[in-house]
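# Report on the structure
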Amino acid sequence: MAAPTQIDLAGTIANTWSYGAIPGPVIRVSAGDTVQARLRNGLPADTSVHWHGLALRNDMDGVPGATQAPITSGSDFNYEFVTDQPGTYWFHPHVGPQLDRGLYGALIVEDPHEPLSYDDEWVIILDDWLDGVTGTPDEVLTELSSGMGGMMSGSGSHMLMGARSSLLGGDAGDVAYPYFLINGRPSADPETFTSIAGTRIRLRIINAASDTAFRVALGGHRLTVTHSDGYPVNPVATDAILIGMGERYDALVTLADGAFPLIAAAEGKDSNALAIVHTGSGGLPVSAASIPELSRTVLTASMLSATSDVSLPQRTADRELTATLTGSMMAYDWSINGRRFDPANPLAGALGVLEGERVRLRIENTTQMWHPFHLHGHTYQHAGGGPRKDTSIVLPGKTLTVEFDADNPGLWAAHCHNVYHAESGMMTVLGYLVS
Ligand SMILES: [Cu+2]
């Protein structure tokens, strides 16, 4: 059930929309299981559910205009699909900027033959929050859509200027948020995880934000990254992880004795989300504001390689495609290959492939800002033996080349996972041609 509700942000009550709780209830299945989920739309608007990262049957992908009709207010839709691939996934609407409300949750596909050994696991969902506090996501989109001109005339209240990050190649984000949340809770009323020293935990970290990358670290600990976007990587130890919107990272950590801040620093935005990890009888952490791990080694996807069992077999590409990320903050005309996505004509400018092809896709960012590029229905591999992923940070002025096998026919959205960029037009469709 998606419906209007309220969220309690450490005493500030905000009106929002949710799937019953924020985050929504965790959906946990085993690989090979069939998920049956009925969405009842109690919202005063059309909606849908997209199952982010799953290579599922196309008509369950939740993209109105491409894979299904919108679920109108007061009506139901039954989603049913098989989950083939274990991993950390999530779900959210694919209508307007609804993702920037409380409509998101984790979908965990367990491996019946799990090769990792750990004692417990924690799902950690990161979010940037303004809904019901400084406005609504629809108001933000309207304001941003008028471009920098609106801000310069003094009418802007949501636009964020001066958010800079060297890790993100410059401009870090467009939108000012009053709160950053871990599992739906602000830093003043943090999520608390309680365990005992020596316990080995699998963290499943999901960035459900709309305009914020996070730098995540656990004070006093190093993390061993084991998965990116659900797929295993050769393990890498790090102090912190950079995670863009839509990305997921799994990491193992063995807990020390005490109380430790788990910080998700809003990259370039001078604020952070906080959770507390308690073991034994330790008191509260001395300082949760900053931990040295955040400024040590920060892992990005470029440091990862897929394990051999999930690497694509070596093969010459049958088709080369280019998705050039275009547009600017000034005009707020975000686009792909110079074309802003038109929901009334979704196939205009579509990228075409033939079933069975090995496809080499160049994602070329000609803008002055980073973008988390997301492809539906497939998990590509970063060229040169990199990680398998479905969402990748592409820095300004850089090109990321990925490869995938065209093995899941249908119409698949490909877009920036900054929800405001996507809604302003940085979206296209990957379609299967008929030979
Ligand atoms: Cu973008």
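Residues numbered from 1 in each chain as written. Predicted model: local features only at pLDDT ≥ 70, side-chain atom pairs only at ≥ 80, totals over all residues. Heavy atoms only, no water.

In this structure, the largest pocket spans a volume of roughly 370 Å³. T300, A301, S302, I393 and L395 are the residues nearest the centre of the largest pocket, which is lined by 19 residues in total. Of all elements in the fold, only strand 30 (391–394) and strand 31 (399–405) reach the threshold of two or more residues within the lining of the largest pocket. When residues in the lining of the largest pocket are grouped by element, the largest group, three residues, is from strand 30. (1 Å grid on protein atoms, 1.4 Å probe; cavity = no way out; pocket = protein on both sides within 12 Å on 5 of 7 lines; lining within 4 Å. Points joined across faces, edges and corners; volume = space filled by probe spheres on them. Helix = DSSP H or I, 4+ residues; strand = E, 2+ residues; numbered from the N terminus.)

Now for helix 1 (residues 137–145). Regarding helix 1, the residues found buried are P137, V140, L141, E143 and L144. In a view along the axis of helix 1, the buried residues occupy a sector of 165 degrees, so they form one face of it. In this structure, the buried side of helix 1 is in contact with helix 3 (419–424). Downstream of helix 1 by one or two residues, G147 has phi in the positive range, about 80 degrees. (Buried < 20%, exposed > 50% of the residue type's maximum accessible area, 1.4 Å probe, protein only. Arc of directions from axis to C-beta. Contact = heavy atoms within 4.5 Å.)

We now examine the pattern of salt bridges. For the structure shown, the criterion picks out 27 salt bridges. Note that D229 and K389 form a salt bridge whose closest N and O atoms lie 3.2 Å from each other. One end of the pair, D229, is in the loop between strand 16 (223–228) and strand 17 (231–238); the other, K389, is in strand 29 (residues 388–389), with 160 residues separating them in the sequence. Take D229: its relative accessible area is 0%, and that puts it in the buried class. Under the relative-accessibility criterion, K389 is labelled buried at 0%. Beyond isolated ion pairs, a larger network of salt bridges with shared partners links R28, E110, E114, E121, R202, R204 and D250. (Salt bridge = Lys/Arg side-chain N within 4 Å of Asp/Glu carboxyl O.)

Turning next to empty space enclosed by the protein. Summed over the entire model, instances satisfying the criterion amount to one cavity of 30 Å³ or more. Approximately 100 Å³ is the volume found for the largest cavity. In terms of lining, the largest cavity is formed by 14 residues, of which the most central are P93, H94, G96, H415 and V419. At the level of secondary structure, the elements contributing two or more residues to the lining of the largest cavity comprise strand 32 (411–416) and helix 3. In terms of residue count, the dominant contributor to the lining of the largest cavity is helix 3 (three residues). Within the lining of the largest cavity, the residues separate by chemical class into seven nonpolar, six polar and one charged. (Nonpolar A, V, L, I, M, F, W, Y, C, P; charged D, E, K, R; others polar.)

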